[in-house]
Amino acid sequence: MSTDASRPTALVTGATRGIGLAVARDLSRTHHVVVHGRDEEALVALADSLPSGAPWVADLAGSPFEAPALDRLDVVVHAAGVIGGGTVEGTSRDDWRRVFEVNVFAVSELTRQLLPALRTAQGTVVAINSGSGFAAGPGGSTYAASKFALRALTDSLREEERRHGVRVSSVHPGRVDTDMQHELVESEGGVYDASLYLEPQSVADAVRLVVDLPHGATAEVVSVRPTRRA
């Protein structure tokens, strides 16, 4: 995959909407951004709209995939994610697998494939986690379990990669005003009030803070919560 040699390179998964889209646009101010998604038409349009961008089409949900061929990678942001499950009683094994495939297994596999390029650049890995990566409530075991697992993955990866100079950060937003949030509130039978949720750009700003820290420092865990509460 061709890159702009005058810019550092970032890869953002789930880049066509929500948090991923906000992160991709923000990083594009300073980086060549490889944007990931499943809709090729939407990805090409997004890449063309950035100062320097390239599309990467891949299905992370259980199918084998190959990461883009990159000699070096300065930043990868794992923003792709799914919600799912309900009560333990009402959640099938297939639902558990579907959520873990995207939220955990795909993150692990993509990172594994990208490690040589990340080590060359002494790059930064950012996993978009969730407040559910710290606490779980009724009806949320599947999603929360995947985010707890993602936190364990990033904690271990951070310690493994210190000797290679690769930084690993976990960003935990509270509820964010996205399409996924609309789906969640609808499933809960609630009334949607966007003022109670973070703007996607606020999460992108947190990612920017992580990325822009001097390389001798790592923001290991960043929690971002809405100021207002219901």
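Residues numbered from 1 in each chain as written. Predicted model: local features only at pLDDT ≥ 70, side-chain atom pairs only at ≥ 80, totals over all residues. Heavy atoms only, no water.

Some words on the overall build of the chain
Thinking step 1. The number of helices and strands found in the chain is six helices and seven strands.
Thinking step 2. Starting at the N terminus and ending at the C terminus, the chain contains elements arranged as β-α-β-α-β-β-α-β-α-β-α-α-β.
Thinking step 3. A compact globule built from 230 residues would reach a C-alpha radius of gyration of about 17 Å, and the chain, at 17 Å, matches this within 12%.
Thinking step 4. By its C-alpha atoms, the chain is 50 × 35 × 35 Å across when sized along the principal axes.
Thinking step 5. Relative to its full complement of 230 residues, the chain shows a buried share of 47%.
Thinking step 6. Across the chain, every contact between residues at least 6 apart in sequence was considered, and the portion connecting residues at least 24 apart equals 64%.
Thinking step 7. If you sum the accessible surface of the chain, you get close to 11200 Å²; carbon and sulfur atoms cover 49% of it. (Helix = DSSP H or I, 4+ residues; strand = E, 2+ residues; numbered from the N terminus. Rg over C-alpha atoms; globule rule 2.2 N^0.38 Å. Buried < 20%, exposed > 50% of the residue type's maximum accessible area, 1.4 Å probe, protein only. Contact = heavy atoms within 4.5 Å. Areas by Shrake-Rupley, 256 points an atom, 1.4 Å probe, with all protein chains shown as cover.)

Some points on the pairing of strand E5 (residues 124-128)
Thinking step 1. With five of five residues buried, E5 lies mostly within the body of the structure.
Thinking step 2. Residues Thr-124, Val-126 and Ile-128 of E5 are buried on one face, and the alternating residues Val-125 and Ala-127, pointing to the opposite face, are buried as well.
Thinking step 3. Sheet analysis places strand E4 (residues 75-78) next to E5, joined by four bridges and oriented parallel. Bridge pairing links Val-75 to Thr-124 in E5.
Thinking step 4. Following the chain from E4 across helix H3 (residues 93-121) to the adjacent parallel E5, one finds a crossover that is right-handed. (Pairing = 2+ DSSP bridges. Right-handed = clockwise from strand over helix to strand, strands pointing away.)

Section: helix H1 (residues 18-27)
Thinking step 1. Within H1, eight of the ten residues are buried, which leaves the element mostly enclosed by the surrounding structure.
Thinking step 2. For H1, the set of buried residues is Ile-19, Gly-20, Leu-21, Ala-22, Val-23, Ala-24, Asp-26 and Leu-27.

So, the packing of aromatic side chains
Thinking step 1. Across all of its chains, the model carries three aromatic pairs by this definition.
Thinking step 2. Ring geometry for Trp-56 and Phe-65: centres 6.2 Å apart, planes at 65°, overall edge-to-face. Of the two residues, Trp-56 and Phe-65, both sit in the buried class.
Thinking step 3. Ring geometry for Trp-96 against Phe-100: centres 6.2 Å apart, planes inclined by 35°, an arrangement best described as tilted. In this pair, Trp-96 and Phe-100 are both assigned in helix H3, four residues apart and thus about one turn of the helix distant.
Thinking step 4. Judged by relative accessible area, which is 27%, Trp-96 ranks as partly exposed.
Thinking step 5. Owing to a relative accessible area of 17%, Phe-100 belongs among the buried residues under this scheme. (Phe/Tyr/Trp six-rings, centres within 6.5 Å; stacked < 30°, edge-to-face > 60°.)

Describing the environment of Leu-213
Thinking step 1. Examined against the element boundaries, Leu-213 turns out to sit in the loop between helix H6 (200-212) and strand E7 (221-224).
Thinking step 2. Through-space distance from the C-alpha of Leu-213 to that of Ala-10 is 15 Å; in sequence the pair is 203 residues apart.
Thinking step 3. Sequence-distant contacts of Leu-213, defined by excluding residues within four places in its chain, comprise Arg-167, Thr-218 and Ala-219.

Regarding H3
Thinking step 1. The first and last C-alpha atoms of H3 sit 39 Å apart over 29 residues, in line with the 42 Å expected at 1.5 Å per residue.
Thinking step 2. The sharpest bend along H3 reaches about 55° and sits at Leu-115, with the proline Pro-116 one to four residues further on.
Thinking step 3. Positive backbone phi, at 50°, marks Gln-122, one or two positions downstream of H3. (Expected span 1.5 Å × (residues − 1). Bend = angle between axes of the 7 residues up to and from the residue.)

Section: the nonpolar core
Thinking step 1. If you look at the biggest cluster of nonpolar residues, it comprises 32 residues, and the most contacted ones within it are Val-12, Val-23, Leu-27, Val-35, Val-77, Ile-128 and Val-171.
Thinking step 2. Where this core is concerned, the elements lending two or more residues are strand E1 (9-12), H1, strand E2 (32-37), helix H2 (40-49), E4, E5, H6 and E7.
Thinking step 3. Apart from the residues lying within four places of it in its own chain, the contact partners of Leu-27 are Ala-10, Val-12, Val-33, Val-75, Val-77, Arg-208 and Val-211.
Thinking step 4. Counting 21 residues, the second-largest nonpolar core is a separate cluster that includes Leu-118, Val-125, Leu-157 and Val-168. (Core = buried A, V, L, I, M, F, W, Y, C linked by side-chain atoms within 4.5 Å.)

Side note on the sheet that holds E7
Thinking step 1. With parallel pairing, seven strands are arranged side by side in an open sheet as E3-E2-E1-E4-E5-E6-E7. Each having just a single partner strand, strand E3 (53-57) and E7 make up the two edges of the open sheet. On average, each strand axis in the sheet is tilted by 15° relative to the strand beside it, whichever way the strands run.
Thinking step 2. Strand contacts of H2: E2 and E3, with the helix running at about 165° to E3, the strand carrying the most contacts.
Thinking step 3. Contacts from H3 reach E1, E3, E4 and E5 within the one sheet, and its direction differs from that of E4 by about 175°. (Axes fitted to C-alpha atoms, helices over the stretch in contact; angles between N-to-C directions.)

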